[in-house]
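Topology and contacts: notes
Spelled out from the first residue to the last, the chains are:
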Amino acid sequence: MKHIARKRFGQNFLHDNTVLADIIAAIAPKPGETMVEIGPGLAAMTDLLLKSLDHMHVVELDRDLVARLEKRFPRDKLTIHSGDALKFDFGAIPVPEGQKLRVVGNLPYNISSPLLFHLADFAPLVLDQHFMLQKEVVERMVAEPGTKAYGRLSVMLQWRYRMALMFIVPPEAFDPPPKVDSAIVRMIPIADPLACDAETLSAVVQKAFSQRRKVIRNCVAGMFTEDQLREAGIDPGTRPETVPVEAYVALANLLKK
Ligand code: SAH
């Protein structure tokens, strides 16, 4: 029986074989690696990944899809974690000594930001992440200071990951097609990120970008003085979107003092 795509689970299934081959080539799975796929769905990617891997893990929320996966794959090939990736403990996946976890997925777009933030908690355990996301979201993730796309997501993720937009995927590659272009992003955790408390940085960046058109002095009024801005290396008269990641980190660390 055909699975009817559920909108509430952000289901857009990949069906373009060229795009699928390009994604697998970008991931380049190798035997012996430990990999987890978020939202395997009808296993379009899973099937191809398992051609190279001996075994992999998947996290899937939709119970109907879990039942299909259980029927289709032997347990020694696929470990199925039935549940919400937003609550999943990625640290619980066993990884051989000296190895790190690889994370992949054509993600449900409705939960992409919270999922990226949830995964950031596990960054030290992760070798790399390859995700399909809305193109516009990937552009914000990789945006440099001084561009329109640079904002909260850029700062919070660039603090902890090196990231690159690999390629763009058109709506026709999916069934049903989403309304927007998608893109594949590669994320590699930075081994020694600048020391900072994630929640403090998040609060600072949220306040700084709350009124993008104003100068930063006004955006963070009540939280920081002009002198503190200067101490973090920031010109109080500049716009929040011109302030580099390191300066936001320095600013957040002033709050902790
Ligand atoms: N990887 C498949 C399906 C992508 S659609 C493909 O490329 O064709 C997104 C998938 O994520 C669906 O299978 C959906 O059921 C699943 N999903 C949605 N929300 C989820 C969540 N919170 N946790 C885990 N999986 C989720």
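It should be noted that the structure appears before, not after, this text.
Once a new chain begins, its residue numbering starts again from 1 and follows that chain's sequence as written. Whole-chain, interface and lining totals are the exception, using all residues; otherwise, since this is a predicted model, local features are given only for residues with pLDDT of at least 70 and side-chain atom pairs are given and counted only at 80 or more. Side-chain metrics in this entry use all non-hydrogen atoms of the structure; hydrogen atoms and water are not considered.

**A closer look at the sheet that holds strand β2 (residues 34–38)**
Selection rule: Think of it this way: DSSP has to see at least two bridges between two strands before they count as a pair. Each helix is a run of DSSP H or I of at least 4 residues and each strand a run of E of at least 2, with the numbering of both proceeding from the N terminus. Note on geometry: axes are C-alpha line fits, over the in-contact stretch for helices, and angles between N-to-C directions span 0 to 180 degrees. The criterion used for residue contact is that any of the two residues' heavy atoms lie within 4.5 Å.
Taken in spatial order, the seven strands of this open sheet run β4-β3-β2-β5-β6-β9-β7, and their pairing is mixed. Pairing within the sheet leaves two strands with one partner each, and these edge strands are β4 (78–82) and β7 (161–169). Averaged over all adjacent pairs, the angle separating strand axes in this sheet is 20°, with direction ignored. Here β7 runs beside strand β9 (residues 182–189); their pairing, made up of eight bridges, is antiparallel. Bridge pairing links L165 to V185 in β9. Seen against the sheet, helix α4 (residues 112–120) touches β2, β5 (101–106), β6 (126–134), β7 and β9 and runs at an angle of roughly 175° to β6. Here helix α5 (residues 135–142) sits on the sheet in contact with β6, β7 and β9, set at roughly 135° to β6.

**A few points about the layout of surface pockets**
Put simply, the test is: The rule is simple: put a 1 Å grid over the protein atoms alone, call a set of points where a 1.4 Å probe fits but cannot get out a cavity, call an open set with protein on both sides within 12 Å along at least five of seven lines a pocket, and count a residue as lining if it has an atom within 4 Å of a point. Grid points are joined across faces, edges and corners, and a volume is the space filled by probe spheres set on the points. Residue type decides the class: Asp, Glu, Lys and Arg count as charged, Ala, Val, Leu, Ile, Met, Phe, Trp, Tyr, Cys and Pro as nonpolar, and the leftover types, Gly among them, as polar.
If you add up the space inside the largest pocket, you get close to 420 Å³. For the lining of the largest pocket, the elements supplying multiple residues, two or more each, are β1 (13–14), β2, α2 (44–49) and β3 (56–60). Approximately 310 Å³ is the volume attributed to the second largest pocket. Taken together, 14 residues form the lining of the second largest pocket, with K7, G10, N12, P178 and K179 sitting closest to its centre. Residue composition of the lining of the second largest pocket, by class: six nonpolar, five polar and three charged.

**Quick word on the pattern of salt bridges**
Selection criterion: Salt bridges are defined by distance alone: a side-chain nitrogen of Lys or Arg within 4 Å of a carboxyl oxygen of Asp or Glu. Per-residue accessibility, obtained with a 1.4 Å probe over protein chains only, is compared with the maximum for each type, and a residue is labelled buried under 20%, exposed over 50%, and partly exposed between these values.
The full count for this structure, using the stated rule, is 10 salt bridges. The closest approach of N and O atoms between D64 and R6, which form a salt bridge, is 2.7 Å. Here D64 is found in helix α3 (residues 63–72), whereas its partner R6 is found in the segment before β1, with 58 residues between them in sequence. For R6, a relative accessible area of 24% gives the class partly exposed. Linking D227 and R230 is a salt bridge whose minimum nitrogen-to-oxygen distance equals 3.3 Å. Of this pair, D227 and R230 both sit in helix α9 (residues 226–231), three residues apart, which is roughly one turn of that helix. A single network of salt bridges, built from pairs that share partners, joins R217, E226, D227 and R230.

**Details of the nonpolar core**
Quick note on the threshold: Nonpolar core, defined: a set of buried Ala, Val, Leu, Ile, Met, Phe, Trp, Tyr and Cys residues in which side-chain atoms within 4.5 Å join the residues together.
I38, F131, L133, M141 and M187 are the most contacted members of the largest nonpolar core, which has 29 residues in total. The element that contributes the greatest number of residues to this core is α4, accounting for four residues. With residues up to four places along the chain from it excluded, the contact list for M187 reads L116, D128, Q129, F131, M141, L157, Y161, R162 and M163. Core analysis: the second largest hydrophobic core is formed by 26 residues, A208, F224, I234 and A247 among them.

**Some details on the site of the ligand**
To keep it simple, the criterion reads: Each residue is tested against the molecule or strand, and it is near if at least one of its non-hydrogen atoms lies within 4 Å. Polar contact is defined as a pair of N or O atoms within 3.5 Å, subject to the rule that within protein one atom must be able to donate a hydrogen and the other to accept it, and that residues adjacent in sequence are counted only when both atoms are side-chain atoms. Note on areas: Shrake-Rupley, 1.4 Å probe, and residue coverage restricted to the protein chains presented here.
Close to the ligand lie 21 residues, the nearest being Q11, G39, E60, D84 and N106. Within the side chain of Q11, a nitrogen or oxygen atom sits 2.8 Å from an oxygen atom of the ligand. Within the contact set of the ligand, a nitrogen atom lies 2.8 Å away from a side-chain nitrogen or oxygen of D84. Coverage of the ligand by the protein chains reaches 98% of its 570 Å² of free accessible surface. Those elements that place two or more of their residues in the shell around the ligand are β1 and β3. For the shell around the ligand, a count of residues per class yields 10 nonpolar, seven polar and four charged.

**A closer look at helix α10 (residues 245–256)**
Put simply, the rule is: Expected span, for any helix, means 1.5 Å times one less than how many residues it has.
With 12 residues, α10 extends 17 Å between its outermost C-alpha atoms, agreeing within 8% with the 16 Å of an ideal straight helix rising 1.5 Å per residue. Every buried residue of α10 is listed here: V245, A247, Y248, V249, L251, A252 and L254. Elements that come into contact with the buried residues of α10 comprise α6 (152–158), α7 (198–208), α8 (216–219) and α9.

**So, the side chain of S202**
Topologically, S202 is positioned in helix α7. Beyond its immediate stretch of four places on either side in the chain, S202 contacts R152 and M156.

**Notes on the pairing of β5**
The condition is simple: By convention, a crossover is right-handed whenever its connection, traced from the first strand over the helix to the second and viewed with the strands pointing away, goes clockwise.
Of all six residues in β5, six are buried, a share of seventy percent or more. Residue alternation in β5 divides its side chains into two sets, L101, V103 and G105 and R102, V104 and N106, and both sets are buried. Taken together, the six bridges between β5 and β6 define a ladder with parallel strand orientation. Bridge pairing links N106 to M132 in β6. Where the polypeptide runs from β5 across α4 and back to β6, its parallel neighbour, the crossover connection is right-handed.

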